[in-house]
Amino acid sequence: MRGVYAGVVLAYVNGELCAPEAARVSPFDRGYLFADGVYEALRVTMAGAGAGGDPRVVAPHRHVRRLARSLGALSIPWPAGEMLTVAKQLIEGSRLSEALIYFQVTRGVPGLAGRAPQALRTHVPPAGLTPTVFAFIRPMPRLDTAELAPPTKRCATGADMRWLRCDIKSIALLGNVLASVQAAGAGAEEAILLRSTPLGRVASEGSLTNLAVVRADGVLMTPALESASILPGITREILLDNNTDLAEGVVTEADLRAAREVMLLGTTAAVTAVTHLDGAPVHDGGAGPITRRLHAGLMELVARAGEDI
Ligand code: PDD
């Protein structure tokens, strides 16, 4: 592949691998006009692949299940399992062994043949569109599962302005973008979102991660899916399945501000310790013991469990 990103990034559009500079989709695609589409972000690593093994996607079947759910919510007809075939092509074609794959499916481009001109942009999608599939792979630092100290981040709280279907992994991320920009302006690395609900202000998730806290009374809790319109994150799900002391419930703003430990959960974040919240130190500005335990446990699972994590 030639071009400025040669050997660093490889793209995929509708069945073809290509250099990123050569990737083309129509601006009439409903993904471009309406954000009418969904996505996944997959971690590729050699960790857990075994001696002589190939790079692999972490928790592939959980990602396929979530993609199927997101596609189903939008009634976009596309076989979610195909994502892993595309991932394999991107891994082999790029020869990257530590990487992130961004993968999105949008509803497609309304052709004009046999349609009224207004079909080019109608809120109700015309029937029979072919989804547009776009993906790319880019390198990531090696996932060092022997490094048990969690990554850290300084966070700022921000208003959760997003819609009520954040359970769909939609490509419409303006609420996340605005919150991230605001947090960056306050010198923080990520926003933790606070949503107004009938129960008062509750913490929902990070602008690109799920959230968990060790409350002042010692209870380890992650916001329940139904408590605040959040993404059912894969990392969160893996941790819930492997840590019986991790409870799901309502995390109020007061719980968050008084928490002994605050952590962010995600495919790229793993279990990240929040060291500062709105400038105030959390757990004396370092990673607390429960955060360390959850991170080490996740790394152990990734290192040992192969595809079944
Ligand atoms: N973000 N919540 C939000 C809003 C997210 O965007 C993400 C992931 C998560 C964590 O989900 P998972 O454990 O499945 O990665 C939670 C991806 C990585 C992104 O947009 O880049």
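Residues numbered from 1 in each chain as written. Predicted model: local features only at pLDDT ≥ 70, side-chain atom pairs only at ≥ 80, totals over all residues. Heavy atoms only, no water.

### Let's talk about the overall build of the protein
1) Next: Check the secondary structure of the protein and you find 8 helices and 15 strands.
2) Next: The C-alpha radius of gyration of the protein comes to 20 Å, within 12% of the 19 Å expected for a compact globule of 309 residues.
3) Next: With respect to the principal axes defined by its C-alpha atoms, the protein has extents near 65 × 50 × 35 Å.
4) Next: Of all 309 residues assigned to the protein, the portion counted as buried reaches 51%.
5) Next: Restricting the contact set of the protein to residue pairs at least 6 apart, pairs at least 24 apart contribute 71%.
6) Next: When the accessible surface of the protein is split by element, carbon and sulfur atoms take 57% of a total near 14,300 Å².
7) Next: Averaging the positions of the 30 positive and the 30 negative side-chain charges in the protein gives two centres separated by 4 Å. (Helix = DSSP H or I, 4+ residues; strand = E, 2+ residues; numbered from the N terminus. Rg over C-alpha atoms; globule rule 2.2 N^0.38 Å. Buried < 20%, exposed > 50% of the residue type's maximum accessible area, 1.4 Å probe, protein only. Contact = heavy atoms within 4.5 Å. Areas by Shrake-Rupley, 256 points an atom, 1.4 Å probe, with all protein chains shown as cover. Lys, Arg positive; Asp, Glu negative; His and termini not counted. Charge placed at Lys NZ, Arg CZ, Asp CG, Glu CD.)

### Remarks on the sheet that holds strand E6 (residues 132–139)
1) Next: Spatially, 6 strands are ordered E2-E1-E6-E5-E3-E4 in an open sheet, and the strand pairing comes out antiparallel. Across the chains shown, the open sheet's two edge strands, defined by having one partner strand only, are strand E2 (16–18) and strand E4 (56–57).
2) Next: Pairing of strand E1 (residues 10–13) with E6 involves 4 bridges; the strand directions are antiparallel. When the bridges of E6 are listed, Tyr 12 appears paired with Ala 135.
3) Next: Along the sheet face, helix H2 (residues 60–74) touches strand E3 (37–45), E4 and strand E5 (99–106) and points at about 175° away from the line of E3. (Pairing = 2+ DSSP bridges. Axes fitted to C-alpha atoms, helices over the stretch in contact; angles between N-to-C directions.)

### Quick word on the site of the ligand
1) Next: The immediate surroundings of the ligand are formed by 19 residues, with Tyr 39, Arg 66, Glu 205, Thr 235 and Thr 267 found nearest.
2) Next: The side chain of Glu 205 places a nitrogen or oxygen atom 2.8 Å from a nitrogen atom of the ligand.
3) Next: The side chain of Thr 267 places a nitrogen or oxygen atom 2.5 Å from an oxygen atom of the ligand.
4) Next: Protein coverage of the free-state accessible area of the ligand, which is 470 Å², stands at 88%.
5) Next: At the level of secondary structure, the elements contributing two or more residues to the shell around the ligand comprise E3, strand E9 (200–206), helix H6 (234–242) and strand E13 (261–266).
6) Next: In the shell around the ligand, the residues fall into 6 nonpolar, 9 polar and 4 charged.
7) Next: No fewer than three residues from each of domain 1 (10–139) and domain 2 (152–304) sit in the shell around the ligand. (Near = heavy atom within 4 Å. Polar contact = N/O pair within 3.5 Å; in protein donor to acceptor, adjacent residues only side chain to side chain. Nonpolar A, V, L, I, M, F, W, Y, C, P; charged D, E, K, R; others polar. Domains from an automatic or database assignment.)

### Quick word on the side chain of Thr 132
1) Next: By secondary structure assignment, the location of Thr 132 is in strand E6.
2) Next: Setting aside residues no more than four positions away along its own chain, Thr 132 makes contact with Asn 14, Val 25, Asp 29, Gln 104, Val 105, Thr 106, Arg 107, Gly 108 and Val 109.

### Quick word on the side chain of Arg 162
1) Next: Checked against the element boundaries, Arg 162 lands in the loop between strand E7 (152–159) and helix H4 (174–185).
2) Next: Within polar-contact distance, the side chain of Arg 162 engages the side chain of Glu 205 at 2.8 Å.
3) Next: Leave out the neighbours within four places in its chain, and Arg 162 touches Gly 175, Asn 176, Leu 193, Arg 195, Ser 204, Glu 205 and Ser 229.

### A word on unusual backbone geometry
1) Next: The backbone phi angle of Ser 75 is positive, close to 55°, even though this residue is not glycine.
2) Next: Summarising the element assignment, Ser 75 is placed in the loop between H2 and helix H3 (82–94).
3) Next: Here Ser 75 falls in the exposed class, since its relative accessible area comes to 57%.
4) Next: Its identity is not glycine, yet Ser 229 carries a phi of approximately 55°, on the positive side.
5) Next: A relative accessible area of 13% places Ser 229 in the buried class.

### As for helix H8 (residues 289–304)
1) Next: The first and last C-alpha atoms of H8 sit 22 Å apart over 16 residues, in line with the 22 Å expected at 1.5 Å per residue.
2) Next: Those residues of H8 that fall on the buried side of the exposure criterion are Thr 291, Leu 294, His 295, Ala 296, Leu 298, Met 299, Leu 301 and Val 302.
3) Next: Structurally, H8 contributes buried residues whose contacts are with E4, strand E11 (220–223), H6, E13 and strand E14 (270–277). (Expected span 1.5 Å × (residues − 1).)

### Digging into the packing of aromatic side chains
1) Next: Tallied over the full model, the rule gives 4 aromatic pairs.
2) Next: With a centroid separation of 5.4 Å and 25° between ring planes, the pair formed by Tyr 39 and Tyr 102 is classed as stacked. Here Tyr 39 is found in strand E3, whereas its partner Tyr 102 is found in strand E5, with 63 residues between them in sequence.
3) Next: By the ring-pair criterion, three or more aromatic residues cluster together here, those being Tyr 39, Tyr 102, Phe 134 and Phe 136. (Phe/Tyr/Trp six-rings, centres within 6.5 Å; stacked < 30°, edge-to-face > 60°.)

### Quick notes on the domain arrangement of the protein
Size of an interface, as often reported, equals the accessible area lost when the parts are brought together.
1) Next: Segmentation of the protein into domains returns domain 1 (10–139) and domain 2 (152–304).
2) Next: Here domain 1 and domain 2 have C-alpha centroids that lie 26 Å from each other.
3) Next: The interface is formed by 27 residues belonging to domain 1 together with 19 residues belonging to domain 2.
4) Next: Contact between domain 1 and domain 2 buries roughly 1,800 Å² in total, counting both sides, with carbon and sulfur atoms accounting for 62%.
5) Next: Summed over the three residues of domain 1 that lose the most area to domain 2, namely Tyr 39, Arg 62 and Arg 66, the buried surface amounts to 38% of that side.
6) Next: Here domain 1 and domain 2 share 3 salt bridges between them. (Buried area = accessible area lost by both parts, 1.4 Å probe. Salt bridge = Lys/Arg side-chain N within 4 Å of Asp/Glu carboxyl O.)

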